[in-house]
Amino acid sequence: MSGLVDPDIERYAAAHTTAQPAALDALARRTVSELGHEEMLSGPVVGRLLELLVHAIQPRLVVEVGTFSGYSAIAMAAGLPPGGRIITCELDDDHAALAREAIAASPYADRIELRPGDARETLRALDEPVDFAFVDADKPGYPGYVRLLLERLSPHGLIAADNTLYYGEVLAGEGAESENGRALHAFNESLVGDAGLVVAQLTMRDGVTLIRRR
């Protein structure tokens, strides 16, 4: 967790969000045990937000940049309409191996396609509109991923970018402590400064930004 929100509020929000299925809870525990990096998991509240957004948009194609262990892809798949599918991208071989196993064991194995390797290559190869996208990968890469997604976004499409408050480091702007903090500050500035976009910065967890073309 990011520490940006009072822990009591975090617990209250989780308690008043529909609980995730037991299999996702088990996947979260296994992810932490085998891969570590608990902060990289979307978690139950963001997982439900993503599912609700997918359900509202009724997408034919969802694209995820950064699978980690498959948690968020499985969460989103629960909101897919008939015929909807997810392409999820993962660069790290160990992450992809666990995600592939988790997806295969889920009820949505036939609706989620994991593509290993550089997500930019996957995005460039897409030949159909993207209705919803979730970006949760290397932070300096966000501008490139979002640019490629905007070029392929359907008229009603929406992009969600995770970790855009990055432990509060973005408050320091160009003086942020880490490369990720500086990269995300620049990314946030570029979004809000683009007159062709409509952007909402949500303060849940470590920051989730919603983006659409105007």
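For the structure, see preceding data.
Residues numbered from 1 in each chain as written. Predicted model: local features only at pLDDT ≥ 70, side-chain atom pairs only at ≥ 80, totals over all residues. Heavy atoms only, no water.

Whenever I open this one, the overall build of the chain confuses me. Can you help?
For the chain, the count of helices and strands is eight helices and seven strands. When each of the 214 residues of the chain is scored for burial, the buried share is 52%. Long-range pairs, those at least 24 residues apart, make up 69% of the contacts in the chain with a sequence separation of at least 6. Per element, the accessible surface of the chain, about 10,200 Å² overall, is 54% carbon and sulfur. With 19 positive and 32 negative side-chain charges, the chain shows a separation of 6 Å between the mean positions of the two kinds. (Helix = DSSP H or I, 4+ residues; strand = E, 2+ residues; numbered from the N terminus. Buried < 20%, exposed > 50% of the residue type's maximum accessible area, 1.4 Å probe, protein only. Contact = heavy atoms within 4.5 Å. Areas by Shrake-Rupley, 256 points an atom, 1.4 Å probe, with all protein chains shown as cover. Lys, Arg positive; Asp, Glu negative; His and termini not counted. Charge placed at Lys NZ, Arg CZ, Asp CG, Glu CD.)

What should I look at first to understand the sheet that holds strand β7 (residues 208-213) in this one?
Pairing between the strands of a sheet comes from backbone hydrogen bonds, and it takes one of two forms, parallel or antiparallel. One open sheet holds the seven strands; their spatial order is β3-β2-β1-β4-β5-β7-β6, and the pairing between them is mixed. Whereas interior strands pair on both sides, the edge strands pair on one side only; in this sheet they are β3 (112-116) and β6 (197-202). Averaged over all adjacent pairs, the angle separating strand axes in this sheet is 15°, with direction ignored. Both β6 and β7 contribute to a ladder of six bridges, which runs antiparallel. Each residue of the ladder has a partner; that of Gln-201, found in β7, is Thr-209. Strand contacts of helix α3 (residues 43-57): β1 (61-65), β4 (130-135), β5 (153-162), β6 and β7, with the helix running at about 170° to β4, the strand carrying the most contacts. Of the strands in this sheet, β5, β6 and β7 are in contact with helix α8 (residues 179-192), which crosses β7 at around 35°. (Pairing = 2+ DSSP bridges. Axes fitted to C-alpha atoms, helices over the stretch in contact; angles between N-to-C directions.)

Any chance you could explain unusual backbone geometry here in plain terms?
Glycine aside, residues mostly have negative phi angles, and peptide bonds mostly take the trans form. Positive phi outside glycine occurs at Phe-68, with the angle close to 55°. Its place among the elements puts Phe-68 in the loop between β1 and α4 (71-77). We classify Phe-68 as buried; its relative accessible area is 5%. One non-glycine residue, Tyr-167, lies in positive phi territory at about 60°. Along the chain, Tyr-167 falls in the loop between β5 and α8.

Would you explain the pattern of salt bridges in this entry?
As a working rule, side chains carrying opposite charge can pair if their charged atoms are close by. Summed over all chains, the structure comprises nine salt bridges. The salt bridge involving Glu-51 is made with Arg-48; its shortest N-O contact spans 2.4 Å. Pair noted here: Glu-51 and Arg-48 are both in helix α3, with a separation of three residues, about one helical turn. Taken as a pair, Glu-51 and Arg-48 share a single burial class, namely buried. (Salt bridge = Lys/Arg side-chain N within 4 Å of Asp/Glu carboxyl O.)

Quick question: what am I supposed to make of the packing of aromatic side chains here?
The relation between two aromatic rings is expressed through the spacing of the ring centres and the mutual angle of the planes. Tallied over the full model, the rule gives two aromatic pairs. For the pair Tyr-142 and Phe-187, a centre-to-centre distance of 5.4 Å together with 85° between the ring planes defines the contact as edge-to-face. Highlighted residues: Tyr-142 in helix α7 (residues 142-152) and Phe-187 in helix α8, separated in sequence by 45 residues. By relative accessible area, Tyr-142 is classed as buried at 0%. The buried category is assigned to Phe-187, whose relative accessible area is 2%. (Phe/Tyr/Trp six-rings, centres within 6.5 Å; stacked < 30°, edge-to-face > 60°.)

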